[in-house]
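# Chain and residue survey
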Amino acid sequence: MRVANLNSDNSVIIKKVIKNAGESMNNVVEILPNKVKDMSLSKLGRYQIDISEKEMPGLMSLRKQHADKQPLAGFRLTGSLHMTTETAILIETLKDLGADVRWASCNIFSTQDEAAAAIAKTGTPVYAWKGETLEEYWECTLQALTFDGNLGPNLIVDDGGDATLLIHKGYELENYFNEHGNYPEITTTNPEELVVEKLIRKVHKLNGNHWHNIVPDIIGVSEETTTGVARLVQMEQEKKLLFSAFNVNDSATKSKFDNLYGCRESLADGIKRSTEVMLAGKTVVVCGYGDVGKGCAQSMKSYGCKVIVTEIDPICALQAAMEGYEVKTLESVLDKGHLFVTTTGNKDIITLEDMRKMRDQAIVCNIGHFDNEIQVDALNDSDAKREQIKPQYDRYTFPDGKQIFLLAEGRLVNLGCATGHASFVMSTSFANQVLAQLFLAKEKPEVKLYNLPKELDEEVARLHLKHLDADLTVLTKDQADYIGVKVEGPFKKDEYRY
Ligand code: NAD
Ligand code: ADE
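Cut-offs used in this document
- Residues numbered from 1 in each chain as written.
- Chains lettered and ligands numbered in written order.
- Predicted model: local features only at pLDDT ≥ 70, side-chain atom pairs only at ≥ 80, totals over all residues.
- Heavy atoms only, no water.
- Axes fitted to C-alpha atoms, helices over the stretch in contact; angles between N-to-C directions.
- Helix = DSSP H or I, 4+ residues; strand = E, 2+ residues; numbered from the N terminus.
- Parallel < 35°, antiparallel > 145°, perpendicular 65-115°, else oblique.
- Contact = heavy atoms within 4.5 Å.
- Nonpolar A, V, L, I, M, F, W, Y, C, P; charged D, E, K, R; others polar.
- Near = heavy atom within 4 Å.
- Polar contact = N/O pair within 3.5 Å; in protein donor to acceptor, adjacent residues only side chain to side chain.
- Areas by Shrake-Rupley, 256 points an atom, 1.4 Å probe, with all protein chains shown as cover.
- Buried < 20%, exposed > 50% of the residue type's maximum accessible area, 1.4 Å probe, protein only.
- Pairing = 2+ DSSP bridges.
- Right-handed = clockwise from strand over helix to strand, strands pointing away.

## A few points about the packing of helix α2 (residues 57-66) against helix α3 (residues 85-96)
For the pair α2 and α3, the least separation of the axes is 9 Å and the interaxial angle reads 10°. Taken together, α2 and α3 sit at an angle that is classed as roughly parallel. Taken together, the residues of α3 that come into contact with α2 (itself represented by Leu59, Met60 and Arg63) are Ile89, Leu90, Glu92, Thr93 and Asp96. Here the residues of the contact of α2 with α3 sort into four nonpolar, one polar and three charged.

Here it is, written out as structure tokens:
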């Protein structure tokens, strides 16, 4: 069943005056119970959730450990993270721990509609479907951030930082307006930034103090991914952070598992489901050799591909070389690659001019968080003719007749063309998310960027060993003393890199 529509012109943002604590406030959004593609998919979604729960031992044991104490009771929690089956299990864990949850996806293509329907069916407000427009996407983020009575969240689970960004942008606009009595000129030509600028102006017209009203109630955000953490680090350095932040990505049990082993399987899944191409024997150019790049390169090698890596960091470049990959500049291999994968978290990695120089039938995709790794807007505005083979699979023909294929419109290929990482590895990531939320709720720490303590990182790993029949060796006291650790850990210094 389709529920009430959010229009792409943001027309659901209606002015509604409510009384709160004796003060009149304008509600910035008409609160919908949910907005998903098709509620009839909920049964399928529930089957997938049931199956995946068995593959998520970390999350399920945290549920068991904490549910009776209800540590998140009384907390309003907003999530902005790919609305997949695995995320459904995270949502149900946070609810079991007592939180009042609202959710949106963090990418326009990454929602599994059946998972979203299953969550909506339980009465949890979820705003996500596969194939949102940018306007719908940001409208969904605003819905997830707006609780009854025009309240905001106390806690945020973010992936890539978009929920955090909307709050900070809205807050900045209010500051500017209060100082100047008008809005700053919109100078950006970036389509997505334009959508955000328009949305925060619309919110401002409905309630000129909305973000200042909600920020004091926000305890903090736990951030899932490398790119979102990079944004937070910049904000902290510029002293712009309005609430505490927890770096989930840099737990060893997140970045050394999800980014690496997750992408090692889900990259190929995305490529295969969209293109069905034979990988063996092909030349694959992997741009970036960080955690994600390492997983992608290894995956492609295991399929029998010749893998070429591009890197800017000499340490990562040397690692790639010593794994036996060729390390080259992109320019020098544009005519060699059958497949190009960007994994950098950086922008303009593959430019329009690069794409013109690729061999005929080259496949281009990105697995980094944002789509600006590939110059997709420039490609769409260029003289190349675009044909959609199927959703998230496009062919471009250049005037000279050469053709290239672009997957997921340059957005993360594993979530746009497939269903992201498998459940087991997401259990390690999401166990970190739950521990981060428990920390924020309990400690209400001062505004800073935090990391998970090593003991808990090790605990997350421990929760997953039995599932893989792995038996841990226990140190003797004598051995522990000899290497200077406690028998029960932690076993490594904070700086250890794994
Ligand atoms: P990372 O920092 O470990 O690795 C990125 C690498 O790219 C670095 O080694 C850096 O030196 C290199 N790099 C930067 N600019 C470059 C350039 N111009 N050319 C070549 N190399 C360049 O980050 P990561 O953890 O590997 O994450 C990479 C991206 O993937 C981020 O955007 C992250 O948020 C995202 N991510 C996606 C998924 C997914 O499921 N799709 C999962 C985890 C992380
Ligand atoms: N990121 C990568 N894979 C994912 C998944 N299956 N669910 C949520 N986020 C993800």
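## Here we look at the site of ligand 2
Neighbouring ligand 2 are Leu81, His82, Thr84, Glu86, Thr87, Leu415, Thr419, Gly420, His421, Met426 and Phe430. Thr84 is positioned with one of its side-chain polar atoms (N or O) 2.7 Å from a nitrogen atom of ligand 2. Calculation on ligand 2 without its partners gives an accessible area of 260 Å², and the protein chains cover 95% of this total. Every element with two or more residues in the shell around ligand 2 is listed here: α3 and α17 (423-443). Across the shell around ligand 2, the residue classes break down as four nonpolar, six polar and one charged.

## Quick look at the site of ligand 1
In the vicinity of ligand 1 lie 26 residues, with Thr225, Thr226, Thr227, Val292 and Glu311 positioned nearest. Between ligand 1 and His369 there is a distance of 2.9 Å, counted from an oxygen atom to a backbone nitrogen or oxygen. Taking Asn414, its side chain carries an N or O atom lying 2.8 Å from an oxygen atom of ligand 1. Protein coverage of the free-state accessible area of ligand 1, which is 860 Å², stands at 85%. Taken together, the elements giving at least two residues each to the shell around ligand 1 come down to α9 (226-237), α10 (252-275) and α11 (291-302). No other element matches α10, which puts three residues into the shell around ligand 1. The residue inventory of the shell around ligand 1, partitioned by class, reads seven nonpolar, 15 polar and four charged.

## Topic: the pairing of strand β7 (residues 220-223)
Residues Gly220 and Ser222 line one face of β7 and the alternating positions Val221 and Glu223 line the opposite face, and both faces are buried. Across four bridges, strand β6 (residues 155-158) lies against β7 in parallel orientation. Within the sheet, the bridge partner assigned to Leu155 lies in β7 and is Gly220. Sheet analysis places β7 next to strand β8 (residues 244-247), joined by four bridges and oriented parallel. Bridging from a neighbouring strand, Ser222 pairs with Phe246 of β8. A crossover links β7 with its parallel partner β8, the connecting element being α9, and its sense is right-handed.

## Quick word on the side chain of Gln112
Looking at the secondary structure, you find Gln112 in the loop between β4 (100-104) and α4 (113-121). Here the side chain of Gln112 touches Thr85 through a polar contact of 3.2 Å, landing on its backbone nitrogen. Beyond its immediate sequence surroundings of up to four residues, Gln112 is in contact with Gln48, Met83, Thr84, Thr85, Glu86 and Thr419.

## Describing the packing of helix α5 (residues 134-145) against helix α6 (residues 162-180)
A packed helix pair is summarised by two numbers, namely the angle formed by the two axes and the spacing between the axes. The N-to-C vectors of α5 and α6 enclose an angle of 80°; their axes lie 10 Å apart at closest approach. Between α5 and α6, the crossing angle belongs to the class labelled roughly perpendicular. Every residue of α6 that contacts α5 at Tyr137, Trp138, Thr141, Leu142 and Leu145 is listed here: Asp162, Ala163, Leu165, Leu166 and Ile167. Taken together, the residues of the contact of α5 with α6 break down into eight nonpolar, one polar and one charged.

## Quick notes on the sheet that holds strand β9 (residues 283-287)
The sheet built from eight strands is open, its strands ordered β11-β10-β9-β12-β13-β16-β15-β14 with mixed pairing. Where the open sheet ends on each side, the last strands, each with one partner, are β11 (326-327) and β14 (385-390). Note: β14 against strand β15 (residues 393-397), five bridges, orientation antiparallel. By the bridge assignment, Glu387 is partnered in β15 with Arg395. Against the sheet, α11 makes contact with β9, β10 (306-310) and β12 (339-342), and its axis sits at roughly 175° relative to β9, the strand it touches most.

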